[in-house]
Amino acid sequence: VGVSGGVDSSVSLALLRDQGYDVVGVFIKTWQPDFVTCTWKEERRDAMRVCAQLGVPFVMLDAEEAYRKSVGEYFIEEYRAGRTPNPDVMCNREIKFGVFFDYAIAHGADFVATGHYAQVRDLGFKKYDLRAGADKSKDQSYFLWTLKQDQLAKILFPVGNLEKSEVRQL
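Along each chain, numbering runs from 1 in the same order as the chain's sequence is written. Reporting in this predicted model follows two pLDDT cut-offs: at least 70 for local features of residues, and 80 or more for side-chain atom pairs to be given and counted; totals over whole chains, interfaces and linings ignore these cut-offs and use all residues. Excluded from the side-chain calculation are hydrogens and water; included are all heavy atoms of the structure.

## With respect to the overall build of the protein
The helix and strand labels rest on DSSP assignments: H or I over at least four residues marks a helix, E over at least two residues marks a strand, and numbering proceeds from the N terminus. Check the secondary structure of the protein and you find 6 helices and 6 strands. Reading the protein from its N end, one meets helices and strands in the order α-β-α-β-α-α-β-β-β-α-β-α. What the globule rule says is 2.2 Å times the number of residues to the power 0.38, and the radius of gyration is computed from C-alpha atoms. Relative to its length of 170 residues, the protein is compact, with a C-alpha radius of gyration of 16 Å against a globular reference of 15 Å. In terms of its C-alpha atoms, the protein occupies a principal-axis envelope of roughly 45 × 40 × 35 Å. Residue exposure (1.4 Å probe, protein chains only): buried if accessible area is under 20% of the type maximum, exposed if over 50%, otherwise partly exposed. By the burial criterion, 41% of the 170 residues in the protein qualify as buried. Counted over contacts in the protein with a minimum sequence separation of 6, partners at least 24 positions apart contribute 63%. Under the counting rule used here, the positive set is Lys and Arg, the negative set is Asp and Glu, and His together with the chain ends is not counted. For the purpose of locating charges, the reference atoms are NZ of Lys, CZ of Arg, CG of Asp and CD of Glu. Here the protein contributes 22 positive and 24 negative side-chain charges, whose respective centroids are spaced 1 Å apart. Here, residues are in contact when the closest pair of their heavy atoms is within 4.5 Å.

And the structure:
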């Protein structure tokens, strides 16, 4: 489970653990430009605390260079070209469901989970459908449009069927 230390990923981790999954919390360290206040150490500490509280292993995955190249440089080049970049789409494609996804599967994970407000529906015959999250005001499926069938088969969105108010309560 990708953990940031925030509410959505923390609840996702807890829900999967409570459902009997053998979970590991993975904090993904990303790049930030020099002019942005860096908060990754505090976020990592929060994620570590959540994992400790839930009694699950914690791992830090360094994706800083990959993020700089595939998200940061993309954003700068698109902006320079006069286009409106969408770094969230690139972060999901290249980092969360690129570097992190590949790392998790290579290290024996059957599934990869995040705290995204989206849903995956199994259509049968190895076909999957990416669906909007139940909370329409928090839906993040539009950031995930690049996901492929082989990825959707191995992705869990534990809070995707919940309203944000329910997640906060949990």
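## Observations regarding the packing of aromatic side chains
Two rings belonging to Phe, Tyr or Trp (six-membered ring only in the last case) form a pair when the distance between their centres is within 6.5 Å. Interplanar angles under 30 degrees mark stacking, angles over 60 mark edge-to-face geometry, and anything in between is tilted. By the definition in use, this model includes 4 aromatic pairs. Ring plane angle 10° and centroid distance 6.2 Å describe the contact between Phe 75 and Tyr 79, whose orientation is recorded as stacked. A residue pair is termed a helical-turn pair when its members lie 3 or 4 positions apart in one helix, as Phe 75 and Tyr 79 do in helix H3 (residues 64-80) at 4 residues. Taking relative accessible area as the criterion, Tyr 79 reaches 61% and is therefore assigned exposed. Residues Tyr 142 and Phe 143 carry aromatic rings whose centres are separated by 4.3 Å and whose planes lie at 40° to one another, so their mutual orientation is tilted. What makes Phe 143 buried here is its relative accessible area of 15%. Note on geometry: a ring has a charge over it if NZ (lysine) or CZ (arginine) is within 6 Å of the ring centre and within 35 degrees of the ring normal. Across the ring face of Trp 40, the terminal group of Lys 29 is positioned such that the distance to the ring centre comes to 4.6 Å.

Purely spatial values, then, with no claim about function.
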